[in-house]
Amino acid sequence: MSDPTSTDAVDLPPEVAAVIGQYQYTETGEFPAEQGYIWTSCSSVENGNPLFWDADVAAEITDGPIAPPTMLSVWFRPHNWAPGRTEQALPLQVHFDLKAAFDLPEAVMTDNTIVFHEPVRPGDVLTTRQVLRSVSGPKTTKLGTGRFWVIDVEYLNQRDELVGVESYTGFGYRRDAA
Amino acid sequence: MVLGALATRDWRPMHHDYDFAVNRNGTQDIFLNTPNQAAWFERYVTDWTGPKGRLGRMKFRMKGSVYPKDRMVFTATVEDVSTDDTGCGWVSLLVTLAVDGVTKTDCSVRVALPTAPDDNPWARRGDQWQP
């Protein structure tokens, strides 16, 4: 079966083709990774992994405390309110750019993959950047007609080390007339 | 469910506001958010591997929502065991979160495990870590 997200032989608008593979929307998180949030997260799912609770175990195995890998996106989520903020930032802006570029009012995420690299440690401040990997030609599914796209969000720490990549497959579409 | 949403800094109302979830989103109740589901999957996998288990990759396929009072049941199948070119040992798992026998989320997990008593996947850096 062919990859529904493949960009091969797809005729794309120049403004979309130009940004494939390019870093966009580089942003730095509002706060450093911190131990209290690590414990709150572990507590919420009753995760008793001693890496996150026992400093001696963390020193032996991970050379000091680290955050659970799946907290990757936590360190980049903006505060619910902040002084002076006038509008809410949209996460995954490239996704919304594509909806606008193709005039597709609806969208769903069909797959989400997270790849973990260097561990995040308390005190780390993460930077993200978004990369459009591919856009398919027009496709029709049970939801409607539109296009698939794949967007990577790369996370780096303050030492410019890659700590993780989240990859999203989105399907932007217009509902077919009944 | 609310604790999980806030622990992942997900302030969106469909994860803590019943009226918003039902009357705006059209769902039957508030529902578990994706980052908190990821945390549940991590806990399930590392309860099995122990602290030297190091997650390399997780792929989620969401099939349905999890609501308050649902009883989540996690099961897993080992799909592959391998050693990569750097000598890192890997296990591929298919983990399923189900409620009342209905799959809500499938998660493919690639996790590194020690291949010898003195091996530690967490010590791998740079080219020695190929998740």
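As the structure is a computational prediction, the values presented were derived from the model and not from experiment.

Brief notes about the overall build of chain A
Secondary structure assignment for chain A yields four helices and six strands. Along chain A, from the amino end to the carboxyl end, the secondary structure elements read α-β-α-α-α-β-β-β-β-β. Its C-alpha atoms put chain A at 60 × 45 × 35 Å along the principal axes. When each of the 178 residues of chain A is scored for burial, the buried share is 47%. When contacts within chain A are restricted to residue pairs at least 6 apart in sequence, long-range pairs at least 24 apart make up 72% of them. If the 12 positive side-chain charges of chain A are averaged to one point and the 25 negative ones to another, these points end up 9 Å apart.

Section: the pairing of strand β3 (residues 89–99) of chain B
All names here are of chain B. The buried fraction of β3 amounts to nine of the eleven residues, a majority that puts the element mostly inside the structure. The pairing of strand β2 (residues 72–83) with β3 spans eleven bridges and is classified as antiparallel. Among the inter-strand pairings, T75 is bridged to a residue of β3, identified as T96. Hairpin connection, β2 to β3: the antiparallel pair is bridged by five residues, and G87 has positive phi, about 90°. Alignment of β3 against strand β4 (residues 102–113), held across eleven bridges, turns out to be antiparallel.

Observations concerning the layout of surface pockets
In this model, the second largest pocket occupies a volume close to 220 Å³. Surrounding the second largest pocket, 16 residues form its lining, A:T62, A:D63, A:E118, A:R121 and B:R125 being those nearest its centre. Among the elements that line the lining of the second largest pocket, the one with the most residues is helix α3 (residues 55–62) of chain A, at three residues. Class assignment for the residues of the lining of the second largest pocket results in four nonpolar, three polar and nine charged.

Quick notes on helix α4 (residues 93–101) of chain A
Each full turn of the α-helix corresponds to 3.6 residues, which orients residues three or four apart in the same direction. All names here are of chain A. Among the residues of α4, V94, H95, L98 and K99 are the ones counted as buried. Seen end-on, α4 carries its buried residues on one side only, within an arc spanning 145°. Contacts made by the buried residues of α4 are with α1 (14–17), β1 (23–28), β2 (106–116), β3 (127–135) and β5 (145–156).

Focus on empty space enclosed by the protein
Enumeration over the complete set of coordinates arrives at three cavities of 30 Å³ or more. Taken as a whole, the largest cavity encloses approximately 100 Å³ of empty space. Taken together, 15 residues form the lining of the largest cavity, with A:P69, A:F116, A:E118, A:P119 and A:V120 sitting closest to its centre. Per-class residue counts for the lining of the largest cavity are twelve nonpolar, one polar and two charged. Computed from the structure, the second largest cavity encloses a volume of approximately 40 Å³. Lining the second largest cavity, in full, are A:N49, A:L51, A:F52, A:P69, B:E42, B:T46, B:P51, B:G53, B:R54, B:L55 and B:W122. When contributions to the lining of the second largest cavity are tallied by element, the ones reaching two or more residues are α3 (34–49) and β1 (54–62) of chain B. Taken together, the residues of the lining of the second largest cavity break down into six nonpolar, three polar and two charged.

As for the state of the cysteines
For the structure on display, the rule yields zero disulfides over all chains. Cysteine B:C88 is unpaired, with the sulfur of B:C107 as its nearest cysteine sulfur at 18 Å.

Comments concerning the packing of aromatic side chains
Residues and elements named next belong to chain A. Evaluated as defined, the whole model comprises nine aromatic pairs over all chains. Ring geometry for W39 against W53: centres 6.3 Å apart, planes inclined by 20°, an arrangement best described as stacked. Here W39 is found in helix α2 (residues 35–44), whereas its partner W53 is found in the loop between α2 and α3, with 14 residues between them in sequence. Residue classification places W39 among the partly exposed residues on the basis of a relative accessible area of 39%. Note on W53: relative accessible area 45%, which makes it partly exposed. Between F171 and Y173, the ring centres sit 5.5 Å apart and the planes meet at 10°, which makes this aromatic pair stacked. With a relative accessible area of 8%, Y173 lands in the buried category.

Describing the pattern of salt bridges
Using the criterion set out here, one finds twelve salt bridges over all chains in the structure. The closest approach of N and O atoms between A:R129 and A:E154, which form a salt bridge, is 2.9 Å. Of the two residues, A:R129 sits in strand β3 while A:E154 sits in strand β5, which places them 25 residues apart along the sequence. Among the ionic pairs, A:R133 bridges to A:D152, the shortest N-O distance being 2.8 Å. Here A:D152 lies in strand β5 and A:R133 lies in strand β3, a separation of 19 residues in the sequence. When salt bridges that share partners are traced, they join A:E118, A:D124, A:R159, A:E161 and B:R125 into one network.

Examining the nonpolar core
The biggest cluster of nonpolar side chains holds 57 residues, and the ones touching the most others in it are A:W75, A:L98 and B:V109. Beyond its immediate stretch of four places on either side in the chain, A:L98 contacts A:V16, A:L132, A:V135, A:W149 and A:I151. Membership of the second largest hydrophobic core comes to six residues, among which are B:M14, B:I30, B:F31 and B:Y67.

Parameters and conventions
Numbering of residues starts from 1 in each chain and follows the order in which that chain's sequence is written. Here chains are named by letter from A upward and ligands by number from 1 upward, in the order in which they appear as written. It should be noted that, the model being predicted, local features are given only for residues of pLDDT at least 70 and side-chain atom pairs only at 80 or more, the latter also being counted only at that level, while totals for whole chains, interfaces and linings use all residues. Hydrogens and water are ignored here; the side-chain numbers use all heavy atoms of the structure. In this text, helices come from DSSP runs of H or I with a minimum length of four residues, and strands from runs of E with a minimum of two, each type numbered from the N-terminal end. Accessible area is worked out with a 1.4 Å probe on protein chains only. A residue is then buried under 20% of its type maximum, exposed over 50%, and partly exposed in between. Contacts were defined at the residue level, with two residues in contact if any of their heavy atoms lie within 4.5 Å. A positive count includes Lys and Arg, and a negative count includes Asp and Glu. His and the chain ends are not counted in either. For the purpose of locating charges, the reference atoms are NZ of Lys, CZ of Arg, CG of Asp and CD of Glu. In this description, strands pair whenever DSSP reports at least two bridges between them. Note on definitions: the grid is 1 Å and covers protein atoms alone; a cavity is a set of points where a 1.4 Å probe fits but cannot get out; a pocket is an open set with protein on both sides within 12 Å along at least five of seven lines; lining residues have an atom within 4 Å of a point. Grid points are joined across faces, edges and corners, and a volume is the space filled by probe spheres set on the points. Amino acids are sorted into nonpolar (Ala, Val, Leu, Ile, Met, Phe, Trp, Tyr, Cys and Pro), charged (Asp, Glu, Lys and Arg) and polar (every other residue, Gly among them). Directions from the helix axis toward the C-beta atoms define the arc. In this description, the term disulfide denotes a pair of cysteine sulfurs within 2.5 Å. Only Phe, Tyr and Trp rings are paired, with Trp represented by its six-membered ring, and only when their centres lie within 6.5 Å; those with planes under 30 degrees apart are stacked, over 60 edge-to-face, the remainder tilted. In the sections that follow, a salt bridge refers to a side-chain nitrogen of Lys or Arg positioned within 4 Å of a carboxyl oxygen of Asp or Glu. Residues belong to a common nonpolar core when they are buried Ala, Val, Leu, Ile, Met, Phe, Trp, Tyr or Cys residues joined through side-chain atoms within 4.5 Å.

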